[in-house]
2 protein chains.
Amino acid sequence: MFSKSTEYALRATIFIARQSSIHKKVNIREIAEGIGAPKYFTAKILQQLSNKNVQIVSSISGPAGGFFIKEEASKRPIYNVIEAMQETHIIEDCVLGLPNCNEKTPCSMYKPYKDVKKGLLSIFKDKSIQEIANSKDRLIPIKIPNSKKP
Amino acid sequence: MFSKSTEYALRATIFIARQSSIHKKVNIREIAEGIGAPKYFTAKILQQLSNKNVQIVSSISGPAGGFFIKEEASKRPIYNVIEAMQETHIIEDCVLGLPNCNEKTPCSMYKPYKDVKKGLLSIFKDKSIQEIANSKDRLIPIKIPNSKKP
DNA sequence: ATAATTAAAGATATTTTTATCCTTAATTGT
DNA sequence: ACAATTAAGGATAAAAATATCTTTAATTAT
Ligand code: FES
Ligand code: FES
């Protein structure tokens, strides 16, 4: 559904939130391994999530540093991650790729998609990062005993 | 939601179906202009939809040739176009990008997405190409009086 | 002060997607 | 047979997404 960037962003956010709930900061290597994503690419995505006006994740440099999520940020909906990655269009835009998806200029899919869109939006808007992090569902493809991504 | 390829594929299929309903064959130029898509790229997509075991659209070379959709093909669900473009994964796969999206190995989004996925699949599976073509909703971005895509 | 550890930032590389062009084959009308 | 029109197929180009590497800055501990 989303790009790999956004998939990694969602997984990373949930992963960090879980560690932050036990007041543990995590570094890039831990995050990348924890979500089964390429390390350097994950680093780039974390810049997007931490930097900016976004402020979904926070970070501190140096030893004992790393990434974490503030209490208040973890209460925000996971939808904010999709916004930060600038991919709300994947849900919001016309299914046929036409501009101006609205009541006035609908395509053939507008009506049937209307309710689906609502449902899709609500699954990301109705749950906070914290709530999703609290579930102990997997965030990683498969158990890798000793992965070697240096 | 889908790739540009699939968006064009959906629009082209509906466009051709409309013309076929009045027994009119259309050529690449007419299709590309009719759906507001790049001509050569549209041609490549039509190969995917006509060629193969897919057979959603049919074509005939030479003067008075062009693309059309057979009666029986137009009764198939629009979902077949998404299958032909090999993008069912966009609906079917894990929202977080994890492999093996199923009851046994769910991610945090599995349950909330389950019903949305059903709705999403049904809007493409429950309507035939013909039915969608019969609606006279737009298939093109905006009215272009005299577009110049040579 | 120095060394070690961490993220930030910038540069580069690879792959995929999107888009275009050119040649060939099929069909039609003259 | 020949010219015109159309799609098919192959080659190439351009842009975007994905991925990696290198250097710099910040922080900590010694
Ligand atoms: S105009 Fe196509 S889904 Fe809204
Ligand atoms: S496992 Fe994630 S949505 Fe199915």
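### Comments concerning the packing of helix α2 (residues 28-35) of chain A against helix α3 (residues 39-50) of chain A
Residue and element names in this part refer to chain A.
Then comes step 1: Look at α2 against α3: their axes get within 9 Å of each other, and the N-to-C directions meet at 110°. One way to sum up the angle between α2 and α3 is to call them roughly perpendicular. On α3, the residues touching Ile28, Arg29, Ile31, Ala32 and Ile35 of α2 are Lys39, Thr42, Ala43 and Leu46.
Then comes step 2: Split by residue class, the contact of α2 with α3 holds six nonpolar, one polar and two charged.

### A look at the interface of chain A and chain B
Then comes step 1: Every contact between the two is made by 35 residues of chain A and, on the other side, 35 residues of chain B.
Then comes step 2: Interface area for chain A against chain B, summed over the two sides, is near 3100 Å², with a carbon-plus-sulfur share of 66%.
Then comes step 3: Ranking the residues of chain A by area buried against chain B places Met1, Leu96 and Arg138 of chain A at the top, with a combined share of 23%.
Then comes step 4: Between chain A and chain B we count zero salt bridges in total.
Then comes step 5: At the surface where chain A touches chain B, the tally comes to 10 residue pairs in polar contact (both at pLDDT 80 or more).

### A look at the protein's contact with DNA strand C
Then comes step 1: Close to DNA strand C lie 25 residues; Asn27, Lys44, Asn51 and Ser59 of chain A together with Pro63 of chain B are nearest.
Then comes step 2: Sugar plus phosphate: this is where 61% of the atoms of DNA strand C within 4 Å of the protein reside.
Then comes step 3: Ile28 of chain A has a polar backbone atom sitting 3.2 Å from a phosphate oxygen of DNA strand C.
Then comes step 4: Interatomic distance of 2.8 Å between a side-chain N/O atom of Ser59 of chain A and a phosphate oxygen of DNA strand C.
Then comes step 5: Secondary structure elements with two or more residues in the surface near DNA strand C: α3, β1 (58-60) and β2 (66-68) of chain A together with α1 (4-20) and α3 (39-50) of chain B.
Then comes step 6: Across the surface near DNA strand C, the residue classes break down as 10 nonpolar, 12 polar and three charged.

### Quick notes on α3 of chain A
Owing to its 3.6 residues per turn, the α-helix brings residues three or four apart onto one side.
All names here are of chain A.
Then comes step 1: Here α3 spans 16 Å end to end across 12 residues, near enough to the 16 Å set by a 1.5 Å rise per residue.
Then comes step 2: Of the positions making up α3, those classed as buried are Thr42, Ala43, Ile45, Leu46, Leu49 and Ser50. Angularly, the buried residues of α3 cover 170° about the axis, an arc narrow enough to put them on a single face. Opposite the packed face of α3, turned more than 90 degrees from it, sit the exposed residues Tyr40 and Lys44.
Then comes step 3: The secondary structure elements touched by the buried residues of α3 are α1 (4-20), α2, β2 and α5 (79-84).

### Brief notes about the protein's contact with DNA strand D
Then comes step 1: Taken together, 25 residues lie around DNA strand D, and Pro63 of chain A together with Asn27, Lys44, Asn51 and Ser59 of chain B are the ones closest in.
Then comes step 2: Counting only the atoms of DNA strand D that lie within 4 Å of the protein, the sugar and phosphate share comes to 59%.
Then comes step 3: With respect to DNA strand D, the backbone of Lys4 of chain A contributes an N or O atom lying 3.1 Å from a phosphate oxygen.
Then comes step 4: Only α1 and α3 of chain A together with α3, β1 (58-60) and β2 (66-68) of chain B provide two or more residues apiece to the surface near DNA strand D.
Then comes step 5: Among the residues making up the surface near DNA strand D, the classes are represented as 10 nonpolar, 12 polar and three charged.

### Structural notes on the relation of the copies chain A and chain B
Superposition of the two copies of the chain requires a rotation about an axis and a shift along the axis.
Then comes step 1: Expressed as a screw transformation, the operator carrying chain A onto chain B has a rotation angle of 180° and an axial translation of 0.0 Å, and the superposed copies differ by an RMSD of 0.0 Å. Such values leave the two copies arranged in the relation of a two-fold axis.
Then comes step 2: When the interface residues of chain A are mapped onto chain B, 100% of them again fall at the interface, so both copies present the same face.

### Comments concerning the environment of Asp137 of chain A
Then comes step 1: One can find Asp137 of chain A in the segment after α8 (129-134).
Then comes step 2: Using a relative accessible area of 24% as the deciding quantity, one classes Asp137 of chain A as partly exposed.
Then comes step 3: Contacts of Asp137 of chain A, omitting those with residues within four sequence positions, involve Arg18 of chain A together with Pro106, Cys107 and Ser108 of chain B.
Then comes step 4: Engagement of the side chain of Asp137 of chain A in a polar contact is seen with the side chain of Ser135 of chain A, the distance being 3.1 Å.

### Structural notes on the packing of aromatic side chains
Residues and elements named next belong to chain A.
Then comes step 1: For the structure on display, the rule yields four aromatic pairs over all chains.
Then comes step 2: Note on Phe2 and Phe124: the rings are 5.6 Å apart at their centroids and 70° apart in plane angle, and the pair reads as edge-to-face. With Phe2 in the segment before α1 and Phe124 in helix α7 (residues 110-125), the pair connects residues that are 122 residues apart, well separated along the chain.
Then comes step 3: On the basis of relative accessible area, Phe2 is assigned to the buried category, the value being 7%.

### Details of the pattern of salt bridges
Residues and elements named next belong to chain A.
Then comes step 1: By the definition in use, this model includes 10 salt bridges over all chains.
Then comes step 2: The closest approach of N and O atoms between Glu92 and Lys117, which form a salt bridge, is 3.9 Å. Of this pair, Glu92 sits in helix α6 (residues 89-92) while Lys117 sits in helix α7, and the two are 25 residues apart along the sequence.
Then comes step 3: Exposure remark for Lys117: the relative accessible area of 14% places this residue in the buried category.

### Notes on the nonpolar core
Then comes step 1: With 96 residues, the main nonpolar core has Phe124 of chain A together with Phe124 of chain B as its most contacted residues.
Then comes step 2: If we skip the residues at most four places from it in the chain, Phe124 of chain A touches Phe2, Pro77, Ile78, Tyr79, Ile82 and Ile91 of chain A together with Val95 and Met109 of chain B.

Conventions and cut-offs
Residues numbered from 1 in each chain as written. Chains lettered and ligands numbered in written order. Predicted model: local features only at pLDDT ≥ 70, side-chain atom pairs only at ≥ 80, totals over all residues. Heavy atoms only, no water. Axes fitted to C-alpha atoms, helices over the stretch in contact; angles between N-to-C directions. Helix = DSSP H or I, 4+ residues; strand = E, 2+ residues; numbered from the N terminus. Parallel < 35°, antiparallel > 145°, perpendicular 65-115°, else oblique. Contact = heavy atoms within 4.5 Å. Nonpolar A, V, L, I, M, F, W, Y, C, P; charged D, E, K, R; others polar. Buried area = accessible area lost by both parts, 1.4 Å probe. Salt bridge = Lys/Arg side-chain N within 4 Å of Asp/Glu carboxyl O. Polar contact = N/O pair within 3.5 Å; in protein donor to acceptor, adjacent residues only side chain to side chain. Near = heavy atom within 4 Å. Expected span 1.5 Å × (residues − 1). Buried < 20%, exposed > 50% of the residue type's maximum accessible area, 1.4 Å probe, protein only. Arc of directions from axis to C-beta. Least-squares fit on C-alpha atoms with pLDDT ≥ 70 in both. Phe/Tyr/Trp six-rings, centres within 6.5 Å; stacked < 30°, edge-to-face > 60°. Core = buried A, V, L, I, M, F, W, Y, C linked by side-chain atoms within 4.5 Å.

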